[in-house]
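The primary structure of each chain is shown beneath.
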Amino acid sequence: MADVQVYKRTPAEQQLAQRRSKKAMRDQVMMFSLMIFLTLVSFSMVVAYEAGVAGFSKYLIIPMVMLFAAVQVGLQLYYFMHMSEKGHGIPQMFMYTGALLGFLIPLTFVTIVWW
Amino acid sequence: MSSVAQKKGFGATLWDWLTTVDHKKIGILYFLGGGFFFVVGGIEAMLIRWQLHKPNNDFVSAGLFNDLITMHGTTMIFLAAMPILFGFMNAIVPLQIGARDVAFPFINSLGFWMFFFGGLFLNLSWFFQQVPDAGWTSYASLSIASEGHGVDFYAIGLQIAGGGTLMAGINFLVTIINMRAPGMTYMRMPLFTWTTFVASAMILFAFPPLTVGLFFLTFDRMFGGNFFDHTMGGNTIIWEHIFWIFGHPEVYILILPAFGIFSEIFSTFSRKRLFGYPSMVFATVLIGFLGFMVWAHHMFTVGLGPTANAIFAVATMAIAVPTGVKIFNWLLTMWGGSIRVTTPMLYALGFIPSFVMGGVTGVMQGAAPLDYQLHDSYFIVAHFHYVIVGGVVLGILAATHYWWPKMFGTLLDEALGKVTFWFFFIGFHMTFLIQHWLGFWGMPRRVWTFMDGQGWNSANLISTIGAFLMAIGVIVLVYNVIITSVKNVKVANDPWGDGRTLEWAIESPPIYYNFPATPLVRGLDTVWIEKMEGNETGLTPAEPIKDIHMPNGSIIPILMSFGLFIAGFGAMFRTEESWGLPVLIFGLLWTFVAMAARSLQDDTGYYVKKDEILRDLKRKGGQK
Ligand code: HEM
Ligand SMILES: [Cu+2]
């Protein structure tokens, strides 16, 4: 079998690692609450519209919900799937390329095939 | 698993090749499979040219002519050019980045076998005498109407082969991202590795549209779908969009690896670092991006409207810029270098003017108003043969000579190589240069025959003669391969003497675990750097010699692909034969069982022991 290598951290390194994971934990919890908050707002808006509260028109709610959804996807990717951390450049590049193509190609279809 | 040379029986050797997951052997399999289809496609081309060598010829019937052009194009692109390039990528890229194998050896083998069975499926159409006949682009208005099973063979065969391609692409991406040796940063990767990387990324984004398009076509033809049938609310034009969203990136998937091959050859035989390496990398990536933004230049005459045409025309012409950057970098690499005109270098020198001519005609076609004149004429045929033959095929032939020692351990005869080059090069220009004028003079592409008295006779005859010269060149190459293999004179690590990248620092062909110790990469052209600093071996190990983990071979990939092959026949005959549906289900089940077997099996590979590696090293004469 391959040799197993044991690596001991120095106390300073240990402290740094601890501080980092604490901060990461705090961020995660914060973002999680934010996401729940956004979800609640979205639902309440729809409920308000259903109940016919004045000012909650379709044309306000649909873009708002879409916007919140986009924010949520971003938070999900960057905080829970750790894309904000180092070493995620390549996945980011591929995802953005895919998103760009996934946007541009339907756009051309809408404008030159189905219009 | 001893590496000591031992005589194996034929059965054991065959089993070894059928189950191999070694990237070097899979590279050879791709090379041989692609080479076979290259010959098949070449024979089809000769028949096409013979039919057109004089007016009113009836050497083949009009229907057979359609079969021939369709199969020629499809075979050459999907079953010859791409697999041969995959062969080189497999054989060379892991060596260039200092890896012991690709990231997913099992999937690598699966990719090869899917290509193989897909290609076989497509070509079996000849024996059923129902051959695809709607052109390699299979525009839906034609392909939906095509009778018999011809286009079914196209749709299903390409679906299977395309799945293999997608796997190969993903595999290379992961390999290059994850398996680079210590010190091999992105900006130290050899250009062939870079172009493989970008081409693989393009495969990742371009092949899913093809898959979708082929599924639509399959459903329309075999399962009563109406995606492309306008009388049922479908839309014929969508096929064209989907096909070209795949198709244009595809042509760059072909040319980028060829660019990589030539970059290696130019710098090796000019004995100079590649001029403008960072700009080369940037140009490659940029071409990769822009390649996705230009597909509608194939559809200028469809009637997309002036705005769409203008946008796509501008985007198309933009590609010429990074391509030009590359051309100048190659020229400046040679500038002031100490050039050695070996056979690969000869191909590289021939490539530059040939490819530039293809690029120029491309920009002409990219001008939408002019394309109304050129579209569907022989000018188009001339353009894409200039870029594909003058670029991709010359690249493949150059790489065949350049990396032959690394793949097979012998050196192809240089004199014969030059004979091949001159026949091929002169034949190529003779065949296709005159076709530009045929296009100007109004000869449409894909016509079975033409009338006398239109001024096309002698031009067509010249073209046909050129095609035969190319064929002679290829025959000389085959002869060269045969005598070289018979003589079997083994060569050392770096038979060219000027190798710059890691593959030249290990023996030819490399031992199955490639590197006894993973190398440390200290810069671009690392072997050259080491040699300049007096390290004769060209390698600095990054680790002590220790046990090496290797994957086990497996027969499952071939079984999985075979199931899809069977299912394809079932799908095709489902409506007219009672056995159709059961065979379709049986084939799919077969594949799923094979997949399950693979998932449930606990195969963690094996270790090559340190003692054995040391023994190998001693036998080789103490290579560090
Ligand atoms: C400067 C670069 C290039 C430009 C501007 C360009 C432009 C074009 C345009 C506008 C067409 C469509 C013409 C028509 O059908 O009316 C075309 C066709 C074609 N091009 Fe290019 N091209 C370029 C490079 C390449 C390369 C590098 C390849 C392949 C390695 C390639 C392969 C093809 C093929 C196969 C077709 C014909 C497809 C068909 O209709 O069957 N082109 N090109
Ligand atoms: Cu194109």
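Residues numbered from 1 in each chain as written. Chains lettered and ligands numbered in written order. Predicted model: local features only at pLDDT ≥ 70, side-chain atom pairs only at ≥ 80, totals over all residues. Heavy atoms only, no water.

(A) Geometry of a nonpolar patch on the surface. Residue and element names in this part refer to chain B. Together, Val 39, Ile 43, Leu 47, Trp 50, Phe 59 and Phe 468 give the surface a local cluster of nonpolar side chains, amounting to about 520 Å² of exposed area. Element by element, the count of residues in the nonpolar patch is highest for helix H2 (residues 23-51), at four residues. Owing to a relative accessible area of 36%, Phe 468 belongs among the partly exposed residues under this scheme. (Patch = residues over 30% accessible without salt bridge, like charges linked within 9 Å, V, L, I, M, F, W, Y side chains within 5 Å. Areas by Shrake-Rupley, 256 points an atom, 1.4 Å probe, with all protein chains shown as cover. Salt bridge = Lys/Arg side-chain N within 4 Å of Asp/Glu carboxyl O. Helix = DSSP H or I, 4+ residues; strand = E, 2+ residues; numbered from the N terminus. Buried < 20%, exposed > 50% of the residue type's maximum accessible area, 1.4 Å probe, protein only.)

(B) Main features of the coordination of the copper ion (ligand 2). Residue and element names in this part refer to chain B. The coordination sphere of the copper ion (ligand 2) contains the protein donors His 248 (ND1), His 297 (NE2) and His 298 (NE2), at a distance range of 1.8 to 2.1 Å. All donors of the copper ion (ligand 2) belong to a single chain; written as a sequence motif, their spacing is H-x48-H-H. Between the copper ion (ligand 2) and the iron atom of ligand 1 there is a metal-metal distance of 4.4 Å. Judged by relative accessible area, which is 22%, His 298 ranks as partly exposed. (Donors = N, O, S within 2.8 Å, 3.2 Å for Na, K, Ca; no water.)

(C) Looking closely at the coordination of the iron atom of ligand 1. Of all protein atoms, His 383 of chain B (NE2) alone acts as a donor to the iron atom of ligand 1, lying 2.2 Å away. Positionally, His 383 of chain B belongs in helix H13 (residues 378-408).

(D) The arrangement of the confidence of the model for chain B in detail. Residues and elements named next belong to chain B. For chain B, mean pLDDT is 94; residues scoring 70 or higher make up 98% of the total. The low-confidence segment residues 1-5 (pLDDT under 50) makes nine contacts with residues lying over four places distant or belonging to another chain. In the predicted assembly, ipTM is 0.79 and pTM is 0.91. (pLDDT = per-residue confidence, 0-100. Contact = heavy atoms within 4.5 Å.)

(E) Looking closely at the packing of helix H3 (residues 89-113) of chain A against helix H7 (residues 191-222) of chain B. Relative to each other, H3 of chain A and H7 of chain B sit at 45 degrees, their axes nearing to 11 Å. The angle between the axes of H3 of chain A and H7 of chain B places the two elements in the oblique class. Once H3 of chain A is placed against H7 of chain B, the crossing between them reads as right-handed. Within the contact between the two elements, H3 of chain A uses Ile 90, Phe 94, Thr 97, Gly 98 and Leu 101 of chain A and H7 of chain B uses Phe 197, Ala 201, Leu 204 and Phe 205 of chain B. Of the residues in the contact of H3 of chain A with H7 of chain B, the class split is seven nonpolar, two polar and no charged. (Axes fitted to C-alpha atoms, helices over the stretch in contact; angles between N-to-C directions. Parallel < 35°, antiparallel > 145°, perpendicular 65-115°, else oblique. Left-handed = near helix turned anticlockwise from the far one by under 90°. Nonpolar A, V, L, I, M, F, W, Y, C, P; charged D, E, K, R; others polar.)

(F) A look at the domain arrangement of chain A. Residues and elements named next belong to chain A. Its domain assignment divides chain A into domain 1 (11-84) and domain 2 (86-115). Relative to domain 2, the C-alpha centre of domain 1 lies at a distance of 23 Å. With six residues of domain 1 in contact, the opposing surface of domain 2 contributes five residues. Buried area between domain 1 and domain 2, summed over both chains or domains, comes out near 440 Å², and the portion from carbon and sulfur atoms is 57%. Looking at the side of domain 1 that touches domain 2, its residues break down into four nonpolar, two polar and no charged. (Domains from an automatic or database assignment. Buried area = accessible area lost by both parts, 1.4 Å probe.)

(G) Just the site of ligand 1, in detail. Residue and element names in this part refer to chain B. In the vicinity of ligand 1, 22 residues are found, and the nearest of them are Trp 136, Asp 371, His 375, His 383 and Arg 445. The contact in question runs from an oxygen atom of ligand 1 to an N or O atom on the side chain of His 375, over 2.7 Å. When residues of the shell around ligand 1 are assigned to their parent elements, the largest contribution, six residues, is made by helix H11 (residues 343-366). Grouping the amino acids of the shell around ligand 1 by side-chain chemistry returns 11 nonpolar, nine polar and two charged. (Near = heavy atom within 4 Å. Polar contact = N/O pair within 3.5 Å; in protein donor to acceptor, adjacent residues only side chain to side chain.)

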